[in-house]
Protein chains: 2
Amino acid sequence: MPKVSEEYKEKRKEEILETAREIFIKQGFEKTTMTDIVEATGLSRGGVYQYFSSTDEMFRHITDRNDQESKKWFLSLIENSSTAWEAVEKLLQETEQDRLSDGIGFGVVQFEYFLNSLRVEERASYLMKRFQFLREYFSKLIQNGVETGEFKPLQPIDAIILFIMNVSDGLLLYRLMSFNRLGPKEVYVSEQVEALRMYLKAVLQVEQ
Amino acid sequence: MPKVSEEYKEKRKEEILETAREIFIKQGFEKTTMTDIVEATGLSRGGVYQYFSSTDEMFRHITDRNDQESKKWFLSLIENSSTAWEAVEKLLQETEQDRLSDGIGFGVVQFEYFLNSLRVEERASYLMKRFQFLREYFSKLIQNGVETGEFKPLQPIDAIILFIMNVSDGLLLYRLMSFNRLGPKEVYVSEQVEALRMYLKAVLQVEQ
DNA sequence: ATTATAAACGACATTAATGTCATTTTACAA
DNA sequence: TTGTAAAATGACATTAATGTCGTTTATAAT
C-alpha cells in the first residue's frame, strides 16, 4: 500500500494494539511473541514491524493509555464527592466491584511485566515512574481530607497509601489465582475490602 | 562415570538444585534456560538432564523443600508461644524482619512462577495445592486463639487469613520493586506491618 | 490516466534453546 | 586387576523466534 493519511496510520496502530492487548491477556506478556501478534492481526510480519518493533513497545503504549484514563477517573472521583471519605468509599466500592467481576484483565499482564522487569534496569525505571504517578493520585484523595480536617491520620499518609495499593494489588492476584477454580467468595473479596475499610476508618480517625 | 551410590546421586541433585536456585533468583524463572543451568553447574548437558529434564521440575523440588521447612517453622511457632496473640505477633515480626532485609529471595521467583502459571492448567493445580497448604497453617494460628476464647473474630477466619497472606505477599512485591532504588523506609515496611497489626487487633478483638 | 510514494508483503538468514544419543569415562564389585 | 553398569560427555538435529530487505501493491496527487 501507499502513502496514506495520519488518521489511517493511527487507526492501524489502534487495530494492532487492540489485538496485542487481547493476546497479552490470553497468553500472558512474556509468552507472547511478535509472530503471535502478526498472525492474529492478519497483517504480514513487515506490516506490523512498520508500527511496532517489539511486544514491549506495544505493552507500554497500552499501559500509558490506560493510565491516562485512570488519571481522569481519579480527578472526577474527587470532584464528584462531597466529602473525602465519600471519595475513599467510592474507591473501595470500585475496587470491590472490579475484583468481583469475572475474567482476566490487563492488570495481571501489568503485574507479570512488573515482576519480569525487576532485573531489567530500563524496564524498572519505566515502572518506577508509573508507580509514583499512581501513588500521587491516591495521595490526593487522602490529602484532601486531611486539609479539611476530616481525617486525622495516625500513620504517615504515604504509608497509608501504600497499604491501600498493596491490598488492592494483592486482591487482584488472589482473585486471579481463584479464576476458574474458586469463586470470589472463596477469596473473600468483599470481606477483604471490608478489612481495608476497617483499617482506614481507624487510621484516618474519620469523623462520624 | 559409573554406577554409584544413592548418596552420590542425592548429593549431585542437591548441587544442581542449589545452582538452579541461585540462577532463578538472579535471572528470574522464565528467563532461565536449561543451558544457563548446565553452564553454571559446570556439568555437561546430558549430565544435568540425567537428573532433571526441565527448569519446572527443578523449581518444584526447591519449592517443596522450602515448604517442608515452613511447615516446621509454623509448628514450632505455635508450640513456643504461650498465647495465640504472641504467636501472631511473632509472625508479624518475622514478616517485618524478612521484608526489611536486603536482596531478592526465592519468594519473588515463586511469585513469578505463579503469575506465569495462571494459564497453564497443570501448573495452576500444583500451586493451588500449595496455597491451600499454606492457608491451613496460617489457619491453625488463629483457630488456636478462637478455641481458647482469646480471639473473638468479627470476620470469617478464612477471610482474615487471606488478608494476612495478601498483605504479606504484597509487601514482598513492594519491597522488591524498591530494591536498589528505594529503601525499606520508602516502602514503609514497618508501618504496613503495623497497619496489619492494627487491623488484626481490631478484627480479632484481642483481650488486653 | 499516470506516477511517485510508502504501506504491506513474505521469504530468508540468524540466533538461541531443546532433547537425544552414540561414545567415553570411571566408580565399584568380583 | 579387570569387567561392567551406568554416569557423564558433547555434538547434532530440530524447532521457534527475531529482524531485515527486496519486491509488490494500493493510494493520493498531478
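### A short note on the overall build of chain A
Scanning chain A for helices and strands turns up nine helices and zero strands. If one aligns the C-alpha atoms of chain A with their principal axes, the spans along those axes are about 65 × 40 × 30 Å. Across the 208 residues in chain A, those meeting the buried criterion constitute 29%. Restricting to contacts in chain A with at least 6 residues of sequence separation, those with at least 24 account for 65%.

### Observations concerning the domain arrangement of chain A
Residues and elements named next belong to chain A. Taken as a whole, chain A is organised into domain 1 (1-53) and domain 2 (56-204). Spacing between the C-alpha centres of domain 1 and domain 2 amounts to 29 Å. If you look at the interface, domain 1 gives 10 residues, while domain 2 gives 12 residues. Here the residues of the side of domain 1 that touches domain 2 are counted per class, giving six nonpolar, two polar and two charged.

### Regarding the interface of chain B and chain A
Contacts between the two partners involve 38 residues from chain B and, on the opposite side, 38 residues from chain A. With 12 residues, helix α8 (residues 157-177) of chain B is the largest single contributor of residues to the side of chain B that touches chain A.

### A few points about the environment of K140 of chain B
Residues and elements named next belong to chain B. Assignment of secondary structure puts K140 in helix α7 (residues 121-147). Among the residues examined, K140 registers 15 C-beta atoms within 10 Å and is labelled partly exposed. Sequence spacing of K140 and I78 is 62 residues, and the spatial spacing of their C-alpha atoms is 8.4 Å.

### Considering helix α4 (residues 55-79) of chain B
In a regular helix each residue adds 1.5 Å, so 25 residues correspond to 36 Å; α4 of chain B covers 37 Å between its end C-alpha atoms and thus fits that length. Along α4 of chain B, the residues that are buried comprise T55, M58 and F59 of chain B.

### Examining the relation of the copies chain B and chain A
Least-squares fitting of chain B to chain A yields an RMSD of 0.0 Å, with the superposition described by an axial translation of 0.0 Å and a rotation of 180°. When the rotation and shift are considered jointly, the pair of chain copies conforms to a two-fold rotation axis. Of the residues that chain B buries at the interface, 100% are likewise interface residues in chain A, meaning the two copies contact each other through the same surface.

### Let's talk about unusual backbone geometry
Non-glycine residue Q205 of chain A carries a positive phi angle of around 50°. Tracing the sequence through the fold places Q205 of chain A in the segment after α9 (189-204). The backbone of Y188 of chain B sits at a positive phi, close to 55°, despite the residue not being glycine. Mapped onto the fold, Y188 of chain B is located in the loop between α9 (184-187) and α10 (189-204).

### Regarding the packing of helix α5 (residues 84-100) of chain B against α10 of chain B
All names here are of chain B. Interaxial distance between α5 and α10 falls to 9 Å at its minimum, and their mutual angle equals 160°. Relative to α10, α5 is oriented roughly antiparallel. Regarding α5 and α10, the two cross each other, and that crossing is right-handed. In contact with V88, L92, T95, E96, R99 and L100 of α5, α10 contributes V189, S190, V193, L196, R197 and L200. Partitioning the contact of α5 with α10 into residue classes produces seven nonpolar, two polar and three charged.

### Brief notes about the packing of α8 of chain B against α10 of chain B
Residue and element names in this part refer to chain B. Interhelical geometry of α8 versus α10 gives an angle of 175° and a closest axis separation of 11 Å. Taken together, the axes of α8 and α10 are roughly antiparallel relative to one another. Only V189, Q192, L196 and V203 of α10 make contact with α8, whose side of the interface consists of I160, I164, V167, L171 and R175. Its residues assigned to classes, the contact of α8 with α10 shows seven nonpolar, one polar and one charged.

### Focus on the environment of L134 of chain A
All names here are of chain A. Within the secondary structure layout, L134 lies in helix α7 (residues 121-147). Residue classification places L134 among the partly exposed positions, given that 15 C-beta atoms sit within 10 Å. Taking C-alpha positions, L134 is 10.0 Å from I161, a pair spaced 27 residues apart along the chain.

### Comments concerning the environment of S44 of chain A
Residue position: S44 of chain A is located in the loop between α2 (34-41) and α3 (45-49). Residue S44 of chain A is classed as exposed on the basis of its C-beta count, with 10 C-beta atoms lying within 10 Å.

Rules used in this analysis
- Residues numbered from 1 in each chain as written.
- Chains lettered and ligands numbered in written order.
- Predicted model: local features only at pLDDT ≥ 70, side-chain atom pairs only at ≥ 80, totals over all residues.
- Helix = DSSP H or I, 4+ residues; strand = E, 2+ residues; numbered from the N terminus.
- Buried ≥ 20, exposed ≤ 12 C-beta atoms within 10 Å, placed from the backbone.
- Contact = placed C-beta atoms within 7 Å.
- Domains from an automatic or database assignment.
- Nonpolar A, V, L, I, M, F, W, Y, C, P; charged D, E, K, R; others polar.
- Expected span 1.5 Å × (residues − 1).
- Least-squares fit on C-alpha atoms with pLDDT ≥ 70 in both.
- Axes fitted to C-alpha atoms, helices over the stretch in contact; angles between N-to-C directions.
- Parallel < 35°, antiparallel > 145°, perpendicular 65-115°, else oblique.
- Left-handed = near helix turned anticlockwise from the far one by under 90°.

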